[in-house]
Amino acid sequence: MDQKVATNSDNEGLVNQSFATNETGFASNKEYLVMKPTNGGAQTKKTDKAYYKKSKKKHSSWQCSERPKTTLHFHDGVRFIDYILAYEEDEDVSCLKSQKRVIFEQGLEEKGLELEREPKEESQDQKTCFVKVHVPWPTRLKYAERMKMKMPIKEDKIEHDISEEEQCCSCGCFRNALKCCVGSCTLNNHELKEKFADPDCYTHEFSVEKLDFFDIQDEETFFSHAEISRMAYRIMSETRYGEKRVDIGITALLSDDVYTAAYPLHEGKFASKESKMDKNANLRRLLYWEWARWGRWYKFQPLDIIRTYLGDKLGLYFAFLDFYIKFLIIPSIVGIGVLIYGVVTLVDSVVSEEICDETFSTYAGNLTMCPLCDRDCSYWKLSTSCLAAQITYIFDNEATIFFAVFMSLWATMFLEFWKRRQFKLSYDWDLVDYDEERDLVRPEFEAQVTRERLNPVTGQKEPFLSTGDRYSRTAFSFVTVLFWILVIIAAVFAVIVYRLAINAIFAVSLDLSSLGAIGEFATPSLLTTITASLISLIVIMILNKVYEKVALWLTHMELPRTQLEFEDSFTLKMFCFQFVNYYSFLFYVAFFKSPFAGYPGNYTYLGEWRWTECDAGGCMYELSIQLIIIMLGKQLWNNIVELVWPWMINKYRAWRSKKASNEMPDNQYTRWEQDYDLRPYENMGLFYEYLEMVIQFGFVTLFVAAFPLAPVFALLNNIVEIRLDANKFICEIRRPLAEKCSDIGAWYYLLEFIGTLAVVTNAFTLAITSEALPKLVYYYGYSTDFYPEMTYQGYTENKLSIFNVSAFDDRNRPADPSPFPGEGNVTQCRYQDYRSPPTASPPYVLTMQYWHVIAAKLAFVIVMEHVVFFLKRLLDYLIPDRSRALNDKIRREHFLVRDMIVKAEKEKLKKQLSQNPNAMVSSSKPEENKFFSVENENTPM
């Protein structure tokens, strides 16, 4: 075991030895030589030496003679493992990968990091080497200042607003009752909550010169593990491994397979044999026990603790998902209410009774309907569509109009209140005006862009992509995206062709009369709709995988300068594709299918296939089926993938670890190996989580008039989704880098686009697809022509026009002219349209009622859009992004922090003058404190 312990001098000797071994290899590759350490680097090592002399003296009583199984420290038992690098050692030590690793690791040590190496002989797979990385105190101070981290300062706790306290007293009874109701849904372990929650104190950008102003009670706990891992990653991102300008950063080394993995460690195991939570449990164990396991599905999200462990970016994602779930509760209740209203009022529905009830005075179920396809399809009675008509009424009734308007306003309120919630979290988590990594240049951009220019802000040369080159790349990307969107439209067109062909086949080959009631329900048109919806779902899933690779390639080709620009560009491409992929067929059924079908004697044809009409229940009925299959099918598939696939991987890893432990009992399964065997966290792992929610938001809002239960299924899915994601990040994947961000980025604007489009789609769905407006036109304008008072009676027969079957040509005329025993040959059939009868002159032209219905639909769309858009803008105005109290609180905090710093400066100056009256002369010079010398700032980065 002695050969594994590596101190600074050991590491330097190892590096020098490696350089000596690889000296011949560098002879022909001089560009990979590393620059020698400067004086600044020497001074940093001198400071580190003093620091570790103090640390070793402090912890000299605890030295590890052998490696603990679950240790999170170096072999000295003092230094914490802040990051892990893993690689598979090459047989030829002089190869280029080995040289890059040697140079890179030497560069990390020159920048102040401490490394300790674990050879492959100590790993269970006998082929993976590990490098443990530690960020010492002086390096933490230096990079905390460079990264502009906000740290707590020495002062009293944050003062609470008196008005808020008084308000709490005035409504104390209500708040206490609310706490009793939701108490079981919150993190109820107060000791652990206080232990891991961030202190409520004032913060300020860290500065080494003002070190005494910060509340440094313990050097080991002043910076959190998440903050230290970010420092380590920042250093590794800036460290060179060659002389070429592009030879920089851990990201490039990972892409070149120089290292196989780079990750921070999880804080111990998440599982335990104990039946209750231990007070000394680690943060990972706490999150699993109180949040990630399935037994805690009813719990609210402990956002502050999630953010502490997983970082601000993941914390903000879970905050968004938690807020979305809570906001879905109200539309779910309203949607269930709309469904119940439809079921309860079904018995009083005149239209349903006219089709289903033979005893009804205006029974129209015996009307003969025109065939749904050419020759092979026969005439049919309207009563066969009874069940479809009843289901249509449940989803399409008077309450549907209210629900469509309600959901449009709900989308606006959701986004407005989320902005307030997001800013509140940004304030609580010190993310207001955060811009730490917005201008960090991507290594891929530096590697491929050869032109340079002087940055007007930093005054340094940086890679520059010319305007012409950028526009040409963007134009090519746009054309490619347009091409793939046309491919999706072609796939939709192919499904339409399938519907046209299979509808006639089902009509001829299937005998559904023997199935009784099921046969009446499973009509050829319904079977066509279901099978076409399933095929379109499969096509959607396949095209998703194909286009994902295309979008990623296009985004890399565009060469975005920063990671933020890369993510925004990729997000826009994927959203455009997913939008067309998931919603195009819904748009076709809702707005284009019925107008394209034509009418008897003048049908629309696609080649030899006749354009099919909507199902007997109407286009709303078919749209509901399509929406249910695509939405629920997508959710079911995603949940299966997130449940079954990780379960299989974990079972395989458990078997492999058990097998290795049995074969090599002396080799312990260390903490870094356990994390290495977990699934890696992808760079854009959250992208697909957000994309899934945005697409679901579209299902909930765009065509909610056709399926009021969409919010209910979205709510149920998200309750499962948030527990799946929690379990995934705590148990199944490596610990992600604790990234920071102040908002959800471009996703908010995409949600806003969908919310605005939802007003238009719901208005046109109600106008074109729904039966609500034609019924109202008949009720107020035409029912009195047949009855003494306004009524819905007679509407069914009124909306059906008459066609003389003798006008059928040979292509359209059914093969069986008398399908109904005892009724003889059919002479007339009905079809849904407002056209004049065959006895009129001229026959089969649009009637005045048709234009009245069109006018009513147009007026409804205009009025609904203007009213809803006005209400949306009004809500946007009335609900500010930041509350007045929070704005005042931020200004108050800024004032108090400045006042604290001024007071601290005065106290420090008074203390210096009292100790040494001549100190005023040198007060303007930088002070070298006991922790860190500011001369180290001369160290080149």
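Residues numbered from 1 in each chain as written. Predicted model: local features only at pLDDT ≥ 70, side-chain atom pairs only at ≥ 80, totals over all residues. Heavy atoms only, no water.

### Focus: the UniProt feature "transmembrane region" (unreviewed entry) in the protein
This chain's UniProt record puts "transmembrane region" (unreviewed entry) on residues 323-344, 399-418, 475-501, 521-543, 570-591, 693-716, 746-768 and 850-871. Spanning residues 399-418, this segment combines 100% helix with 0% strand, and its end C-alpha atoms are found 28 Å apart. End-to-end, the C-alpha atoms of residues 475-501 are 39 Å apart, and along that stretch the chain is 100% helix and 0% strand. (UniProt positions renumbered as here; feature names shortened; annotations may be inferred. Helix = DSSP H or I, 4+ residues; strand = E, 2+ residues; numbered from the N terminus.)

### Points about the state of the cysteines
In this structure the tally under the stated criterion is 2 disulfides. With its sulfur 2.0 Å from that of its partner, C356 forms a disulfide with C386. Judged by the sign of its S-S torsion, about 115°, the bond between C356 and C386 is right-handed. One end of the pair, C356, is in helix 15 (residues 350-356); the other, C386, is in helix 16 (residues 386-395), and 30 residues separate them in sequence. With relative accessibility at 18%, the residue C386 sits in the buried group. Disulfide pairing places C370 opposite C829 at an S-S distance of 2.0 Å. Sign of the S-S torsion, about 80° for the bond between C370 and C829, identifies this disulfide as right-handed. Of this pair, C370 sits in the loop between strand 7 (368-369) and strand 8 (380-381) while C829 sits in strand 16 (residues 828-832), and the two are 459 residues apart along the sequence. C370 sits in the buried class, given a relative accessible area of 4%. (Disulfide = S-S within 2.5 Å. Buried < 20%, exposed > 50% of the residue type's maximum accessible area, 1.4 Å probe, protein only.)

### Points about the environment of Y309
Among the structural elements, Y309 can be located in helix 13 (residues 303-310). Residue classification places Y309 among the buried positions, given a relative accessible area of 0%. For Y309 and R735, which are 426 residues apart along the polypeptide, the C-alpha to C-alpha distance reads 8.8 Å. What Y309 contacts, discounting residues up to four positions off in sequence, is H266, E267, L283, R284, L287, I730 and R735. (Contact = heavy atoms within 4.5 Å.)

### Here we look at the packing of helix 14 (residues 312-344) against helix 16
Here helix 14 crosses helix 16 at 140°, and the two axes come no closer than 7 Å. Relative to helix 16, the element helix 14 lies oblique. As helix 14 runs across helix 16, the sense of the crossing is right-handed. Contacts between helix 14 and helix 16 involve V338, L339, G342 and V343 on the former and, on the latter, Y393, I394 and F395. For the contact of helix 14 with helix 16, a count of residues per class yields 6 nonpolar, 1 polar and no charged. (Axes fitted to C-alpha atoms, helices over the stretch in contact; angles between N-to-C directions. Parallel < 35°, antiparallel > 145°, perpendicular 65-115°, else oblique. Left-handed = near helix turned anticlockwise from the far one by under 90°. Nonpolar A, V, L, I, M, F, W, Y, C, P; charged D, E, K, R; others polar.)

### Focus on helix 14
Each α-helix turn comprises 3.6 residues. Residues three or four places apart therefore point the same way. The end-to-end C-alpha separation of helix 14 is 48 Å, in line with the 48 Å expected for 33 residues at 1.5 Å each. The largest bend along helix 14 reaches roughly 30° and is located at I329, with the proline P331 sitting one to four residues downstream. (Expected span 1.5 Å × (residues − 1). Bend = angle between axes of the 7 residues up to and from the residue.)

### With respect to the sheet that holds strand 1 (residues 83-88)
Pairing in this open sheet of 4 strands is antiparallel, and the strands run 2-3-1-6 from one edge to the other. Each having just a single partner strand, strand 2 (114-118) and strand 6 (261-263) make up the two edges of the open sheet. Taken over all neighbouring pairs, the strand axes of this sheet differ in orientation by 15° on average, direction set aside. Bridge count between strand 2 and strand 3 (residues 128-134): 5 bridges; the pairing is antiparallel. When the sheet's bridge partners are listed, R117 is paired in strand 3 with V131. (Pairing = 2+ DSSP bridges.)

### Structural notes on the packing of aromatic side chains
For any pair of aromatic rings, the description rests on two quantities: the centre-to-centre distance and the angle between the ring planes. Summed over the entire model, instances satisfying the criterion amount to 63 aromatic pairs. Between Y317 and Y690 the ring centres are 5.2 Å apart and the planes differ by 80°, which places this aromatic pair in the edge-to-face class. You can see Y317 sitting in helix 14 and its partner Y690 sitting in helix 25 (residues 685-701), a full 373 residues away along the chain. No difference in accessibility class separates Y317 from Y690, as the two residues are buried. Aromatic side chains Y779 and Y792 sit 4.8 Å apart centroid to centroid with 35° between the ring planes, which places their arrangement in the tilted category. Of the two residues, Y779 is situated in helix 28 (residues 772-782) and Y792 in the loop between helix 28 and helix 29 (795-798); the sequence distance between them amounts to 13 residues. Its relative accessible area of 21% is what places Y779 among the partly exposed residues. Sitting above the plane of the W289 ring, R293 keeps its charged end 4.1 Å from the centroid. Positioned over the ring face of Y471 is R470, at 5.6 Å from the centre of the ring. (Phe/Tyr/Trp six-rings, centres within 6.5 Å; stacked < 30°, edge-to-face > 60°. Lys NZ or Arg CZ within 6 Å of the ring centre and 35° of its normal.)

### Points about the nonpolar core
Grouped together as the largest cluster of nonpolar side chains are 130 residues, with contacts concentrated most on F318, Y324, W410, Y583, F699, F703 and I744. The element contributing the most residues to this core is helix 22 (residues 563-597), with 17 residues. When neighbours within four sequence positions are excluded, W410 is seen to be in contact with Y324, F327, L328, P331, F697, V700 and T701. (Core = buried A, V, L, I, M, F, W, Y, C linked by side-chain atoms within 4.5 Å.)

### Some points on the side chain of R830
Secondary-structure assignment places R830 in strand 16. Looking at R830, its side chain comes within polar contact range of the side chain of E797, at 3.2 Å. Apart from residues lying up to four places away in sequence, R830 is in contact with L367, T368, M369, C370, E797, L800, S801 and I802. (Polar contact = N/O pair within 3.5 Å; in protein donor to acceptor, adjacent residues only side chain to side chain.)

### Focus on the confidence of the model for the protein
A residue-level look at the protein finds 78% of positions with pLDDT of 70 or above and a mean pLDDT of 77. Below a pLDDT of 50 lies the segment residues 1-66, which in the model reaches 99 contacts outside its immediate sequence neighbourhood of four places, other chains included. Segment residues 921-941 is flagged for pLDDT under 50; beyond a separation of four residues in sequence, or across chains, it makes 39 contacts in the model. (pLDDT = per-residue confidence, 0-100.)

### As for the pairing of strand 1
Of all 6 residues in strand 1, 5 are buried, a share of seventy percent or more. Across 6 bridges, the pairing between strand 1 and strand 3 is antiparallel. Counterpart to Y83 in the pairing with strand 3 is V133. The sheet contact formed by strand 1 and strand 6 spans 3 bridges and is antiparallel. By the bridge assignment for strand 6, L85 is matched with A262.

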